[in-house]
Amino acid sequence: MTENKNRATAAAILPLVGGAGNITSIAHCMTRLRLGLRDRTLVQDEKLAALPAVMGVVEDASTYQIVLGPGTVARVTPEFETLVEAARTASPTPTPTPTPLTADELAAQGAALKARQKARNATPVKLFLRKIANIFVPLIPALIGCGIIAGFNGLLVNLGWLPAVTPALAAIATGFMALIAVFVGLNTSKEFGGTPILGGAVAAIIVFPGVAKVDAFGQPLSPGQGGVLGALGAAVLAVYVEKWCRRWIPQSLDVLVTPTLTVLISGLVTVFGLMFLAGEVSTAIGDFADWLLSTGGAAAGFVLGGLFLPLVMLGLHQALIPIHTTLIEQQGFTVLLPILAMAGAGQVGAAAAVYLRLPRNTSVRRTIKSALPAGFLGVGEPLIYGVSLPLGRPFITACVGGAFGGGLVGLFNQLGGSVGSTAIGPSGWALFPLLSGNETMTVMIAVYAAGLITGYVAGFLITYFFGFSKQLLADFNVDTADPAPTRPVTGAPAEEPVSARV
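A. Inspection of the nonpolar core at higher detail. With 72 residues, the main nonpolar core has Phe136, Ile180, Val184, Val354 and Tyr448 as its most contacted residues. Residues contacting phenylalanine 136, with those up to four places away along its chain left out, are Val184, Val228, Ile321, Pro322 and Thr325. Judged by nonpolar contacts, the second largest core, of 21 residues, contains Ala10, Ile13, Ala20 and Ile66.

B. Up close: the environment of proline 382. Here proline 382 lies in helix α16 (residues 381-391). Residues proline 382 and leucine 372, spaced 10 residues apart in sequence, show a C-alpha to C-alpha distance of 8.5 Å. If we skip the residues at most four places from it in the chain, proline 382 touches Met55, Ala371 and Val387.

C. Seen up close, the pattern of salt bridges. A complete count under the given rule lists four salt bridges for this structure. One salt bridge connects arginine 7 with glutamate 79, and the closest N-O pair in it is separated by 3.3 Å. Of this pair, arginine 7 sits in helix α1 (residues 2-16) while glutamate 79 is found in helix α3 (residues 72-90), placing the two residues 72 residues apart along the sequence. Judged by relative accessible area, which is 32%, arginine 7 ranks as partly exposed. Note on glutamate 79: relative accessible area 15%, which makes it buried. We note a salt bridge from arginine 246 to aspartate 254, for which the minimum N-O separation is 2.4 Å.

D. How the structure looks around the packing of aromatic side chains. In the structure shown here, the tally under the stated rule is nine aromatic pairs. The rings of Phe376, Trp429 and Tyr456 are connected pair by pair, giving a single aromatic cluster. Directly above the aromatic system of tyrosine 464 lies the positively charged group of arginine 357, at a separation of 5.2 Å from the ring centroid. One cation-aromatic arrangement involves arginine 365 over tyrosine 355; the distance from NZ or CZ to the ring centre is 3.8 Å.

E. Region of interest: unusual backbone geometry. Phi at leucine 162 is positive, roughly 45 degrees, even though this residue is not glycine. Residue position: leucine 162 is located in the loop between α6 (140-159) and α7 (166-178). Here phenylalanine 217, not a glycine, exhibits a phi torsion of approximately 55 degrees, which is positive. When its relative accessible area of 53% is taken as the criterion, phenylalanine 217 is described as exposed.

F. Structural context of helix α18 (residues 441-466). Over its 26 residues, α18 runs 37 Å from end to end, which matches the ideal 38 Å to within 8%, given 1.5 Å per residue. In the core, the buried residues of α18 are packed alongside α13 (336-340), α14 (342-357), α15 (362-376), α17 (393-414), β7 (419-421) and β8 (435-437).

G. Region of the structure containing α3. The first and last C-alpha atoms of α3 sit 27 Å apart over 19 residues, in line with the 27 Å expected at 1.5 Å per residue. Burial in α3 covers these residues: Val73, Val76, Thr77, Glu79, Phe80 and Val84.

H. Here's a closer look at the packing of helix α11 (residues 251-314) against α17. Contact geometry of α11 with α17 gives a least axis separation of 6 Å together with a crossing angle of 150 degrees. By the criterion of interaxial angle, the relationship of α11 to α17 is roughly antiparallel. Judged by the sense of rotation from one axis to the other, the crossing of α11 with α17 is right-handed. When the residues that make up the contact of α11 with α17 are grouped by side-chain class, the tally is 12 nonpolar, 13 polar and no charged.

I. How the structure looks around empty space enclosed by the protein. Scanning the model with the defined rule gives two cavities of 30 Å³ or more in all. The computed volume of the second largest cavity comes to approximately 40 Å³. Along the walls of the second largest cavity sit 11 residues, with Ala341, Gly344, Ala345, Gly375 and Gly428 positioned nearest its centre. Of all the elements in the fold, those that place two or more residues in the lining of the second largest cavity are α14, α15 and α18. Per element, the largest residue contribution to the lining of the second largest cavity is three residues, and it comes from α14. Here the residues of the lining of the second largest cavity sort into seven nonpolar, four polar and no charged.

J. Representation of the confidence of the model for the chain in the model. In this model, the chain carries a mean pLDDT of 84, and residues with pLDDT of at least 70 account for 87%. Every residue in residues 95-107 scores below 50 in pLDDT, and together they form nine contacts with partners more than four places removed in sequence or on other chains.

K. Spatial organisation of the environment of glutamate 381. Tracing the chain through its elements places glutamate 381 in helix α16. For glutamate 381, a relative accessible area of 2% translates into the label buried. Taking the C-alpha atoms as reference points, glutamate 381 and valine 67, 314 residues apart in sequence, are found 7.6 Å from one another.

L. Main features of the side chain of asparagine 477. Within the secondary structure, asparagine 477 sits in the loop between α19 (470-476) and β9 (489-490). Beyond its immediate stretch of four places on either side in the chain, asparagine 477 contacts Arg357, Leu358, Pro359, Arg360, Asn361 and Leu472.

M. Structural view of the side chain of asparagine 413. Note on placement: asparagine 413 falls in helix α17. By relative accessible area, asparagine 413 is classed as buried at 6%. With sequence-adjacent residues up to four places away left out, asparagine 413 is seen in contact with Leu293, Ser294, Val335, Ser418 and Val419.

N. Summary view of a nonpolar patch on the surface. Together, Phe152, Leu155, Leu159, Trp161, Leu162 and Val165 line one region of the surface with nonpolar side chains, adding up to about 590 Å² of accessible area. For leucine 162, a relative accessible area of 49% translates into the label partly exposed.

O. Broad picture of the pairing of strand β3 (residues 56-59). Along β3, one buried face is formed by Gly56 and Val58 and the opposite face, lined by Val57 and Glu59, is buried too. By the bridge criterion, four bridges tie β3 to strand β4 (residues 64-67) in an arrangement that is antiparallel. Each residue of the ladder has a partner; that of valine 57, found in β4, is isoleucine 66.

P. Representation of the packing of helix α5 (residues 124-136) against helix α8 (residues 180-191) in the model. As a packed pair, α5 and α8 sit with axes 8 Å apart at the nearest point and diverge in direction by 140 degrees. On the basis of the axis angle, α5 is oblique to α8. Between α5 and α8 lies a crossing of right-handed hand. Only Val184, Asn187, Thr188 and Glu191 of α8 make contact with α5, whose side of the interface consists of Lys131, Asn134, Ile135 and Phe136. Tallied by class, residues from the contact of α5 with α8 come to three nonpolar, three polar and two charged.

Reading the values: rules and limits
- Residues numbered from 1 in each chain as written.
- Predicted model: local features only at pLDDT ≥ 70, side-chain atom pairs only at ≥ 80, totals over all residues.
- Heavy atoms only, no water.
- Core = buried A, V, L, I, M, F, W, Y, C linked by side-chain atoms within 4.5 Å.
- Buried < 20%, exposed > 50% of the residue type's maximum accessible area, 1.4 Å probe, protein only.
- Contact = heavy atoms within 4.5 Å.
- Helix = DSSP H or I, 4+ residues; strand = E, 2+ residues; numbered from the N terminus.
- Salt bridge = Lys/Arg side-chain N within 4 Å of Asp/Glu carboxyl O.
- Phe/Tyr/Trp six-rings, centres within 6.5 Å; stacked < 30°, edge-to-face > 60°.
- Lys NZ or Arg CZ within 6 Å of the ring centre and 35° of its normal.
- Expected span 1.5 Å × (residues − 1).
- Axes fitted to C-alpha atoms, helices over the stretch in contact; angles between N-to-C directions.
- Parallel < 35°, antiparallel > 145°, perpendicular 65-115°, else oblique.
- Left-handed = near helix turned anticlockwise from the far one by under 90°.
- Nonpolar A, V, L, I, M, F, W, Y, C, P; charged D, E, K, R; others polar.
- 1 Å grid on protein atoms, 1.4 Å probe; cavity = no way out; pocket = protein on both sides within 12 Å on 5 of 7 lines; lining within 4 Å.
- Points joined across faces, edges and corners; volume = space filled by probe spheres on them.
- pLDDT = per-residue confidence, 0-100.
- Patch = residues over 30% accessible without salt bridge, like charges linked within 9 Å, V, L, I, M, F, W, Y side chains within 5 Å.
- Areas by Shrake-Rupley, 256 points an atom, 1.4 Å probe, with all protein chains shown as cover.
- Pairing = 2+ DSSP bridges.

Written out as structure tokens, the structure reads:
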């Protein structure tokens, strides 16, 4: 039955994006089906957004993204790929454009689209951050799975249950983290245009126990020193060395000389430079996070919780992914994620206020009712793109609600406790199984839950009383089945699970 439902969703989406002939690429992340399109004008946005399984649509610089939600997207994507392949086999010619444009119209349309996308999504900073996100996002499922197993194992150890099983669970939970540098090296090399296995080979040096026999800058190295940041730098260096070799090494010698020089040169620089420097940076990141929350946790939490949604809108949240990963690698958890997750709580509270303030707008209320369960579980795109962001002011009040929740969690850190997450990606209620820190699980659950409740309440009250101008109420509190807030949002930043999961 579920298989048929996923196949039906894929079959409903395909004609609305221009058919198989209009698809150039298919991929998915944690919540979105990402499509490369030949002709954007063939997409029927309104009909697509109206499908029951579709939570929203987002147009990025390079892909058209359909928000389906976690779990669903991973099941719909294979069905979609099968339908596209079957359609291409049956009719290999591309789907023709139904309404041809004149040359002038096509040129004007193309120029406008290119200018808009370039201005919003193709800045050097965003392109670089997108590369960083593409390196770490594929690692999130393993981080989540291992994090939950680690939490479950810790519970068994504390209770004294299944002593014969807990060592095996510990190995399962920590094995991935012990080798995460290798996976970062593989993905980095792939993302920057090199040979993935060479990037992984260079990054593997960082976790090799034998580096303990090497001295750098007058100090012995430690296995794992530099962590994911060292692996990132080592793999990027390997890509540039490899490209240099491909350019200058004769083709007859390339297969022998290029990989040898790539690993040798990059490896020596990694051992005698990058590991030490990246280790210092990693230590500084951990020390700064501890200092920030221990000395000004309430204020820092207020600012971080309030600014996270705007960072997501600007695409700058992706810079936090390596920081989260570094903290997890160092301390076993990231103290920043529970604070940033409060942004989603403010969003949920704001949506509830919008629901009550627009009693006549049945369409907006229907959108909120369908999106709230996902919002409670930390999937914020439907509420952001379908409700608060199009309305404008409720988006700002949602940020303020998140700030109050972040301030409360930050205050707990300032008082000497710590509430962190063993993985990145989930937020909202979905973060409870991943909580970790220096307190008992009961205390950490209570603090995180109190932060969520504060975010819900603050987001609701501030939005209810200050989220609507008279004009906004006049425009939207009307009887309508197709209001403006359900329109697709274009030019939004690309998704990265760790930060958009709010």
